[in-house]
Amino acid sequence: MSSFCQERMLLGRPCGRPAYVDPASGLPSDKCIFHCYKETGGFTEFQNALDAYLSSNPKDYDFHRFVFPCRGWKFPSVFPECAYFNYAVFKGDVYFGLTRFQKKAVFTEVTFEGRANFCTAKFNWDGFFLNSEFRSLVDFAGAEFCLGQTDFRFCKFRGDVTFFDCKFQKGVAFPFARFEKAVDFRDTLFGGNSDFSEAVFAEPERVTFSGNNLSHVSFARCNIAKTIFQRVEWLGIPVWPKAGILRRWIRNGVVDELPSSGQVNHEDLAQTYRRLQHNYMENYRYSEAGDFFVGERESLRRGKVKWRQYASIDFLYKLASLYGESYTLPFVWLAVLLLLTPLALLAAVGSDCNVTYWHAFLENLELFIFPRIPDASCAATAVSRLTICTEKVLVVLFVSLLLLALRRKFKRKSF
Ligand SMILES: [Zn+2]
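Residues numbered from 1 in each chain as written. Predicted model: local features only at pLDDT ≥ 70, side-chain atom pairs only at ≥ 80, totals over all residues.

*Asks:* Quick rundown of the overall build of the protein chain? Include the residues and the values.
*Replies:* Counting its secondary structure elements, the protein chain contains eight helices and 29 strands. Dimensions of the protein chain, computed from the C-alpha atoms along their principal axes, are close to 120 × 35 × 30 Å. Sorting the 415 residues of the protein chain into buried and exposed places 35% on the buried side. Contacts spanning at least 24 positions in sequence make up 32% of the contacts within the protein chain whose residues lie at least 6 apart. (Helix = DSSP H or I, 4+ residues; strand = E, 2+ residues; numbered from the N terminus. Buried ≥ 20, exposed ≤ 12 C-beta atoms within 10 Å, placed from the backbone. Contact = placed C-beta atoms within 7 Å.)

In structure tokens:
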């Protein structure tokens, strides 16, 4: 048995510290005091060894595969250099509250067996928690991640988690993270692009997003149908992105819809909108639910080949009434129809019939309100009769869409 610890540290180099000898039994271990997998009896001894290492001013703090005992140790409040805790095991509660990580803080594949308290900690550079496991309560309340990346991908949170008032200045990554209990994102700042794709909320009704700006947060393939959204702000997406002044017509949407967020997966996007729609419907918030319904229909339409995006019933449905969500559009179309039909009638009868636009407009209105045989002198040509018939069909269509949109707006029980 080697008398020096062979555990792998940063960049794979061996630890090389003297093997730990249990003072009670006198039996030597094959690992140093930091890497012993059994509970060390001498907590003071562990702290002394830790203090000696911290005061040695290493270029980077290397805690690879350290096993921190349940008690009897503490860290300084400031880490002036990079701190690497990869594969470390914290046997008991951890307190990093108020700690300042001046440079990179790496907690990749760390096991936190007790509570993990990072309350009001400050990460001035990268904060990596990739694939770590938190087996008890986790507290990042008031913590701040300033620059660099913040990565919680593949993390497993077994207990309640709070990110209350936490600030992710440059965004945060939670893809494939698993939250098994309550999660608190109240007043959390998502300052940059943040990602919850494939994240799993085992108890979604105990997950709270409140007071957040979610305009740069992706929820692709994440089960958000029952999570709580209160006072959150979604991304404003133009309903008619290429229509000049109509670009100001904005609906609620998610960042995944923007081409700048990479290749858009329209099926996933439609699913996200479906879940949000369900969520908001359940909470009687019909206006936002309507926006997410439009988002879903738009995603499905844009998933088709280019020409079918426009040469389709869906596009006509959008043009006519924004998929049944707008009562303004069919109203405008009705007005346009009633104003343009007299012009068509005038063109059909030609200059032989001496009637004005005003006369034709009233004639058309009367024909519509009081169905009768058109005036033989002016409106009875084949073209004009066809025009009137077409108008009547369109009017019935637009009135139906108008009523449908109004029904959706005022109905309170179901969609
Ligand atoms: Zn060692």
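*Asks:* Tell me about the domain arrangement of the protein chain, and name the residues and values.
*Replies:* How big an interface is tends to be stated in terms of accessible area lost as the parts join. Split into domains, the protein chain comes out as domain 1 (1-61), domain 2 (62-302) and domain 3 (328-410). Taken over C-alpha atoms, the centre of domain 1 sits 36 Å from the centre of domain 2. With 20 residues of domain 1 in contact, the opposing surface of domain 2 contributes 17 residues. Examining the composition of the side of domain 1 that touches domain 2, we find that six residues originate from one element, helix α1 (residues 43-54), more than from any other. Its residues placed into classes, the side of domain 1 that touches domain 2 shows 11 nonpolar, four polar and five charged. (Domains from an automatic or database assignment. Nonpolar A, V, L, I, M, F, W, Y, C, P; charged D, E, K, R; others polar.)

*Asks:* Go over helix α6 (residues 328-349) with me, naming the residues and quoting the values.
*Replies:* Look at α6: 32 Å from first C-alpha to last across 22 residues, which is about the 32 Å you get at 1.5 Å a residue. Taking the largest bend as the criterion, α6 deviates by roughly 25°, centred on L340, and proline P342 comes between one and four positions later. Turning to α6, its buried residues number three or more, namely L329, P330, T341, P342 and L345. Structurally, α6 contributes buried residues whose contacts are with α5 (313-321), α7 (357-369) and α8 (382-410). (Expected span 1.5 Å × (residues − 1). Bend = angle between axes of the 7 residues up to and from the residue.)

*Asks:* Please set out the packing of α6 against α8 residue by residue, giving values where relevant.
*Replies:* The packing of two helices is summarised by the inter-axis angle and the distance between the axes. It is the contact of α6 with α8, at a shortest axis distance of 10 Å, that shows an interaxial angle of 175°. As the angle between them shows, α6 and α8 are arranged roughly antiparallel. From α6, P330, F331, W333, L334, L337, T341, A344, L345, A348 and V349 reach across to α8, where they touch V383, S384, T387, E391, L394, V395, F398, L401, L402 and A405. Partitioning the contact of α6 with α8 into residue classes produces 16 nonpolar, three polar and one charged. (Axes fitted to C-alpha atoms, helices over the stretch in contact; angles between N-to-C directions. Parallel < 35°, antiparallel > 145°, perpendicular 65-115°, else oblique.)

*Asks:* Describe the sheet that holds strand β1 (residues 61-62), with residues and values.
*Replies:* Judged by pairing direction, the sheet is parallel, and its five strands sit side by side in the order β1-β4-β8-β12-β16 without closing on themselves. Both outer strands of the open sheet, β1 and β16 (150-151), are each paired with one neighbouring strand and no more. Relative to strand β4 (residues 83-84), β1 runs parallel, the two sharing two bridges. Paired with D62 across the strands is Y84, a residue of β4. (Pairing = 2+ DSSP bridges.)

*Asks:* Give me helix α3 (residues 286-302): which residues, what numbers.
*Replies:* With 17 residues, α3 should reach 24 Å at 1.5 Å per residue; the first-to-last C-alpha distance of 24 Å fits that figure. Among all positions in α3, only A289, G290, D291, F292, F293, V294, G295, E296, E298, S299 and R301 are buried. In this structure, the buried side of α3 is in contact with β29 (250-253), α2 (266-282), α4 (306-310), α5 and α8.

*Asks:* Residues and numbers for the sheet that holds strand β7 (residues 100-101), please.
*Replies:* Strands sit in the order β3-β7-β11-β15-β19-β22 across an open sheet of six strands; the sheet is parallel. Where the open sheet ends on each side, the last strands, each with one partner, are β3 (78-79) and β22 (189-190). Where strand β11 (residues 122-123) meets strand β15 (residues 144-145), two bridges bridge the pair, whose relative direction is parallel. Bridging from a neighbouring strand, F123 pairs with F145 of β15.

*Asks:* Describe in detail the pairing of strand β21 (residues 183-186), supporting the description with residues and values.
*Replies:* Two elements, strand β18 (residues 161-162) and β21, share two bridges in a ladder whose sense is parallel. When the bridges of β21 are listed, V161 appears paired with V183.

*Asks:* Pulling in residues and values, what's your account of the environment of I228?
*Replies:* Looking at the element boundaries, I228 is found in strand β27 (residues 228-230). Here the alpha-carbon distance between I228 and N279, two residues 51 residues apart in the chain, equals 8.1 Å. Aside from chain neighbours lying at most four places away, what touches I228 is V207, T208 and F209.

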